[in-house]
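What follows is the residue order along each chain.
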Amino acid sequence: MAKKLTTSAGAPVSNNQKSLTAGQPGPLLISDYQLIEKLAHQNRERIPERVVHAKGWGAYGTLTITNDISKYSRASLFSEIGKKTRVLARFSTVAGELGASDTERDVRGFSLKFYTEEGNWDMVGNNTPVFFIRDGYKFPDFIRTQKRHPKTNLRSPDAMWDFWSLTPESLHQVTILMSDRGLPITPMHMNGYGSHTFSFWNEKNERFWVKFHFKTQQGHKHYTNDEAVQITGQTREKYQEELYGSIDRGNYPKWNFKIQVMPEQDALKQSYNPFDLTKVWPHEDFPLIDVGVLELNKNPENYFQHIENAAFSPSNVVPGISFSPDKVLQSRIFAYADAHRYRLGTHYEALPPNAPINEVSHYHKDGSMRFFTNDFGNPDAYYEPNTKGGSVEDRSVQEPPMKVTGDIRRYEENDSFGDYKQPGDLFRLFTSEQKERLFKNIAAAMEGVSKEIINKQLGHFDRADPAYGTGVRKALGL
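This section reports on the structure supplied with the text. (Residues numbered from 1 in each chain as written. Predicted model: local features only at pLDDT ≥ 70, side-chain atom pairs only at ≥ 80, totals over all residues. Heavy atoms only, no water.)

## Let's talk about the pairing of strand β8 (residues 254-263)
With seven of its ten residues buried, β8 lies for the most part within the structure. Where strand β7 (residues 207-216) and β8 come together, nine bridges link them in antiparallel fashion. When the bridges of β8 are listed, Val210 appears paired with Val261. (Buried < 20%, exposed > 50% of the residue type's maximum accessible area, 1.4 Å probe, protein only. Helix = DSSP H or I, 4+ residues; strand = E, 2+ residues; numbered from the N terminus. Pairing = 2+ DSSP bridges.)

## Remarks on the packing of helix α11 (residues 451-464) against helix α12 (residues 466-476)
Orientation of α11 relative to α12, taken along the N-to-C sense of each, is 145 degrees, at an axis distance of 5 Å. Side by side, α11 and α12 meet where Ile454, Leu458, Phe461, Asp462 and Ala464 of the first sit next to Pro466, Tyr468, Gly469, Thr470, Val472, Arg473 and Leu476 of the second. (Axes fitted to C-alpha atoms, helices over the stretch in contact; angles between N-to-C directions. Contact = heavy atoms within 4.5 Å.)

## Examining the pattern of salt bridges
All told, the structure shown has 31 salt bridges when counted by the stated rule. In this structure, Arg155 and Glu104 form a salt bridge, with 3.9 Å as the shortest nitrogen-oxygen distance. Placement of the pair is Arg155 in the loop between α2 (139-146) and α3 (157-165) and Glu104 in the loop between β2 (84-93) and β3 (108-116), with a sequence separation of 51 residues. Taking relative accessible area as the criterion, Arg155 reaches 35% and is therefore assigned partly exposed. By relative accessible area, Glu104 is classed as partly exposed at 23%. Linking Lys269 and Asp266 is a salt bridge whose minimum nitrogen-to-oxygen distance equals 3.2 Å. (Salt bridge = Lys/Arg side-chain N within 4 Å of Asp/Glu carboxyl O.)

## Remarks on the nonpolar core
Residues Phe78, Trp121 and Phe200 are the most contacted members of the largest nonpolar core, which totals 39 residues. The contacts of Phe200, once residues within four sequence positions are left out, are Ile69, Tyr72, Ser73, Phe78, Glu206, Arg207, Phe208, Val210, Phe212, Ile259, Gly320 and Ile321. With 34 residues, the next largest nonpolar core counts Val94, Phe142, Met160 and Leu171 among its residues. (Core = buried A, V, L, I, M, F, W, Y, C linked by side-chain atoms within 4.5 Å.)

Structural data, given as structure tokens:
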């Protein structure tokens, strides 16, 4: 027997097809509360989309540990071989709005929420090991170049290349974005990276710097620009179709979880800044260490509830995993959680996809959307410290101190050689066919850009490798 339709307050609905009218032809009555409630709710069904990473696709899965790394981290999810941890994954494009095509050339977000016994750990990364900037101060300006021009309301290639040409450290990420890997055919055919340098600490209170890598088992597959145009003409939801369909058919995508580890003191011995988001750590110096296998095996029952309401933040760490002096990471620790409070509400972490599996007890009270009891069974303990039996701190999970030196100032980076070496090394790894596609992609992305900006950017390509600049010039017809 079908369930009876009710209002949101639980009252039965006698007719959900026709409005109340004064006479058969109308007009409508404002006393038709069912109509008013229905229209008012529809006006509020859409929440603000994410400022970046608005278009996304997600699923649930499992991380299974295959190698013992407890000597590096005391985190409970790494505690034993064979241990399984539930995971929520969300992939996304950076620049496009909620209705954008899935198959645009763009960086892809690669975010994971691990539901551990000691709280949620969020790894909020991308499908690239580096990014366009090394200081979070530049992030709002960079994102404005990816959004719409205030006068034309169109994307502005001129603004994009203007910013990149004035930001030499962006060249590494620009090279990856304009290469084949800038357009993976599905979320399953790309790697994921923490990108930033993070830190581990173990039971002995020893700290290690760490990089996170998720290597696709599906292999790398990419569209050319022309192929992507054809796909967009057929569907704007290609990634959603592929991810949902693959899991629905039981063809579960997998990634090998690996880490690079650097002893704390070794950071001072490198010729580059290991906390610079525009740099990678050479694998010959810091080889990949196996950790486990990530498998996505469950589609969400309700996309809005589980994926649109999902809130990932680098500030969500657990004992054994922490941060580094990476300036962009430090900025994101604040910015992401603050964005969620604006978009979803004060108590966003009580929503189903964000709620931890372990017991929660804190002193955050009231605020908008307090839709649950959060006195944790003790209404007298609403401040701290108290003598009312409230929750108390646990010194056993205090992480070791992080050493810092130097003066407080706004430091200028003088790393022009380093800004070109790694992009040049990457370029020289490409085959001749990959280089030709790179040149063609850059030329297409520079359509409509002023000659002054193009010439400035060509200078960066030249410094990475003379053949890089020559190839782009030829593709541009210069």
